[in-house]
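An overview of the molecular structure
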Amino acid sequence: MPKDEKYSAIRSHRTLNSGMQQFQGARNVMITGGSFRQVEEIHYDGGRDAGLHILGQHIAADAMYNSAERFPPAKCHPGTREKIISTILDWINDPTPKERALWLNGPAGAGKSAIAHSIAVYLKEISEDSKYAGSFFFAKDAVGRGDGTKLFSTISYQLALNFPSFRALIDAAMLDNPTLPTTSIDVQLRYLIIEPLLHVIDWPVHNPTVIIDGLDECAGSKRMQSEILSLISNAITEYNIPLRFLIVSRPEYWISDSFEIGTLVNVTKLVCLRDDVNADRDIERYLREGFNKIYDENIRIMSSIPRPWPPHHIIERFVHSASGQFVYASTVLEFVGASSDFCDPREQLRILTTPGPHQASAFSDLDKLYTTILSSYPRPNTMKRVLGGLLLEWSEKIIQEMLGVDSGEIQLVLRALSSLIRIYKAEYSEEFRVLEPIFGSPLQEASISFSHLSFREFLKDESRSGGYAIDESAVETEIICAIIKLGVDIVEDNPRAERTIER
């Protein structure tokens, strides 16, 4: 049966049987490929939204922007991130955007989820237009919220709640095949989103926006995250579905590839938080207002301390250390303003600004974030050797030759650390480019640095990083020993020295 006739028949069948009070017992249902299978007995009220009710049993409700699980959610401080939010809203409000997807990316702790939440709140609760399609906020290791197999069923459920014409089609599709939410993600996307959208009536002229936050935290393998992006790309380019997608993540290499050289390259607008020139200003405002609030909440304790508190140079120090990282600033304020154990804000601030073992406790949340990223690499000792070289600002070549790390392994480590480091490709003049086909590329290596000063501090402080701590003096000693060994090989005319020099 042709698709149009099939969906028409489904709607007619639902209308004729609207008086049915109960559906129960095992029955044959069609699945992908036109085959049939027996499903377990299903009981439900056959009245309105019976199919939608079944779908609701298989979604990740905790992943929606306003779920109880996410309360209190990360959100942008008033007056901050205005330029980034304005850029995103301009794209959302553009009736005919060149790009149907927008990728908001940035390093760990940059405040991406706060921005995504602010956009969701605006679209759903403030804007009077029907521009909010649904949201899914991934969270690693969280039941439901980390499950990529629930993404499309959850989005479909929200579309049904937000758009009555879509609701009827989903209800019919679920009654026709109650197993759809348990099928593979490509089948879910096709029959729970694409097919209904191709047959929906009274759909908004302005395409609503789906918000997917934290894709890099989707559980499972990199393949799952890449497959989700591939399916979204196909839905946009092949089926031209009337939706647009705001996707938020760290710039992990497999995600970056999809947007920069993969299937999404021609349909995606890129917005990088590393390019936000107002980040330091926003963090300074956030810290000042946060410290003022702490002062007011502890006025009896703070009455002898003149305002502004803390002094300007302390604020500047925190802004500098944050390096555009809002999670750093929020952790500082949370620690200084802690109300447990009768904490004195003055003493809490002293701990943060005075080196010592107590300082480690202030950054437990931030350190957990760093540890989580580092622990994802399967060969920690090799990773530490690379980190040691980077901490001393050595080049990839020196790390390879002097610390004995294979060049391919170095690239794998750099990929794993992509959200915590910056790689600046070497630039050389046009004269060199003309000669490149003959003589090869000039011997200039890319420059690598850490995205956040706080990450450098984390690696150097064993009380914070534990097994990931880097002993700089030990790394320096190892490199010096390697240089001396090379010198001995040269003096002894050892072939090994010649091979090293050639490399």
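Counting restarts for each chain: residues are numbered from 1 in the order of the written sequence. In keeping with the predicted nature of the model, local features appear solely for residues at pLDDT of at least 70, side-chain atom pairs appear and are counted solely at 80 or more, and the whole-chain, interface and lining totals rest on all residues. In computing side-chain properties, one takes all heavy atoms of the structure into account and sets aside hydrogens as well as water.

Some points on the overall build of the protein
The line we're drawing: Each helix is a run of H or I in the DSSP string that is no shorter than four residues. Each strand is a run of E no shorter than two, and both are numbered from the N terminus. Each residue is assigned to one of three classes by its accessible area relative to the maximum for its type, calculated with a 1.4 Å probe on protein chains only: buried under 20%, partly exposed between the two thresholds, exposed over 50%. The contact definition used throughout considers only heavy atoms, calling two residues in contact when any of these lie within 4.5 Å. Areas reported as accessible are Shrake-Rupley estimates using a 1.4 Å probe. Residue values count occlusion only from the protein chains shown.
Along the protein, the regular secondary structure elements total 23 helices and eleven strands. With 503 residues in all, the protein has 49% of them scored as buried. Counting only contacts in the protein whose residues sit at least 6 apart along the sequence, the fraction spanning at least 24 positions is 75%. Accessible area of the protein: about 25300 Å², with a carbon and sulfur share of 52%.

Topic: the nonpolar core
Let me state the cut-off plainly: As used in this record, nonpolar core signifies buried Ala, Val, Leu, Ile, Met, Phe, Trp, Tyr and Cys residues forming a set joined through side-chain atoms within 4.5 Å. For the purposes of this description, domain bounds are those given by an automatic or database domain assignment.
Core analysis: the biggest nonpolar cluster contains 58 residues, and Leu-287, Phe-291, Phe-318, Leu-374, Leu-387 and Phe-455 have the highest contact counts within it. A per-element tally of this core places helix α13 (residues 326-336) first, with seven residues. A domain split of this core shows at least three residues from each of domain 2 (279-354) and domain 3 (376-491). Leaving out residues up to four positions away in the same chain, Leu-387 has contacts with Leu-374, Leu-417, Phe-450, Phe-455, Leu-459 and Ile-470. Judged by nonpolar contacts, the second largest core, of 53 residues, contains Phe-136, Ala-160, Phe-163 and Ile-185.

Regarding the pattern of salt bridges
The condition is simple: Any Lys or Arg side-chain nitrogen found within 4 Å of a carboxyl oxygen on Asp or Glu counts as a salt bridge.
Applying the stated criterion to the full structure yields 17 salt bridges. Among the salt bridges present, the one from Lys-131 reaches Asp-129, with a minimum N-O distance of 3.4 Å. With a closest N to O distance of 3.7 Å, Arg-250 and Asp-216 form a salt bridge. Here Arg-250, found in the loop between β8 (244-249) and α9 (253-260), pairs with Asp-216, found in the loop between β7 (209-213) and α8 (222-237); they are 34 residues apart in sequence, far enough to count as distant. Comparing Arg-250 with Asp-216, the two get one shared label, buried. When salt bridges that share partners are traced, they join Asp-216, Arg-250 and Glu-252 into one network.

Overview of the environment of Leu-459
For Leu-459, the position within the fold is in helix α20 (residues 453-460). Those residues in contact with Leu-459 that lie beyond four places of it in its chain are Leu-374, Leu-387, Phe-450, Ser-465, Tyr-468, Ala-469 and Ile-470.

Focus: helix α18 (residues 407-416)
Stated precisely, the cut-off is as follows: As used here, the arc belongs to the directions running from the helix axis to the C-beta atoms. A 3.5 Å cut-off defines polar contacts: any pair of N or O atoms within that distance qualifies, except that in protein one atom must be a possible hydrogen donor and the other a possible acceptor, and neighbouring residues in sequence count only when both atoms are side-chain atoms.
Regarding α18, the residues found buried are Glu-409, Ile-410, Val-413, Leu-414 and Ala-416. Buried positions in α18, seen along its axis, are confined to an arc of 160° and lie on one side of it. Backbone nitrogen of Gly-408 and a side-chain oxygen of the N-cap are separated by 2.9 Å at the start of α18; the cap is Asp-406.

Here's the deal with the packing of aromatic side chains
Where we set the bar: Note on aromatic contacts: the rings of Phe and Tyr and the six-membered ring of Trp form a pair at centre separations within 6.5 Å, being stacked when their planes are under 30 degrees apart, edge-to-face when over 60 apart, and tilted otherwise. Two limits define a charge over a ring: the Lys NZ or Arg CZ must be within 6 Å of the ring centre, and within 35 degrees of the ring normal.
In this structure the tally under the stated criterion is 15 aromatic pairs. Note on Tyr-286 and Phe-326: the rings are 6.0 Å apart at their centroids and 40° apart in plane angle, and the pair reads as tilted. With Tyr-286 in helix α10 (residues 279-297) and Phe-326 in helix α13, this residue pair connects regions lying 40 residues apart in the sequence. For Tyr-286, a relative accessible area of 17% puts it in the buried group. Taken together, Phe-291, Tyr-295, Trp-309 and Phe-318 form an aromatic cluster joined through their ring pairs. Residue placement shows Arg-70 over the ring face of Phe-137; its charged tip is 3.9 Å from the ring centre. Just above the ring of Trp-91 sits the side chain of Arg-244; from NZ or CZ to the centre is 5.7 Å.

Digging into the packing of helix α15 (residues 364-375) against α20
Condition: A fitted line through C-alpha atoms serves as each axis, taken over the contacting stretch for helices, and the angle formed by two N-to-C directions is quoted from 0 to 180°. We call two directions roughly parallel when the angle between them is under 35 degrees, roughly antiparallel when it is over 145, roughly perpendicular when it lies between 65 and 115, and oblique otherwise. The classification used treats Ala, Val, Leu, Ile, Met, Phe, Trp, Tyr, Cys and Pro as nonpolar, Asp, Glu, Lys and Arg as charged, and all other residues, Gly among them, as polar.
Between α15 and α20, the shortest axis-to-axis distance is 11 Å and the interhelical angle comes to 80°. With respect to α20, the element α15 is oriented roughly perpendicular. Residues Leu-366, Asp-367, Tyr-370, Thr-371 and Leu-374 of α15 form the contact with α20, whose participating residues are Ser-454, Phe-455, Phe-458 and Leu-459. Here the contact of α15 with α20 is composed, by residue class, of six nonpolar, two polar and one charged.

A closer look at unusual backbone geometry
Geometrically, the link from Phe-71 to Pro-72 is a cis peptide bond, its omega value of -10° lying close to zero. Tracing the chain through its elements places Pro-72 in the loop between α2 (50-56) and α3 (82-93). Pro-308 follows Arg-307 through a cis peptide bond whose omega is 0°. Mapped onto the secondary structure, Pro-308 falls in the loop between α11 (299-302) and α12 (312-322). If you check the backbone angles, Arg-81 has positive phi at about 60° while not being a glycine. Position of Arg-81 relative to the elements: it lies in the loop between α2 and α3.

Description of the confidence of the model for the protein
For the record, the criterion: One confidence number per residue, pLDDT, is output by the predictor and ranges from 0 to 100.
The pLDDT averaged across the protein works out to 84; a share of 84% of its residues lies at or above 70. Confidence drops under pLDDT 50 across residues 5-46; counting only partners more than four residues distant or on other chains, this segment forms 64 contacts.

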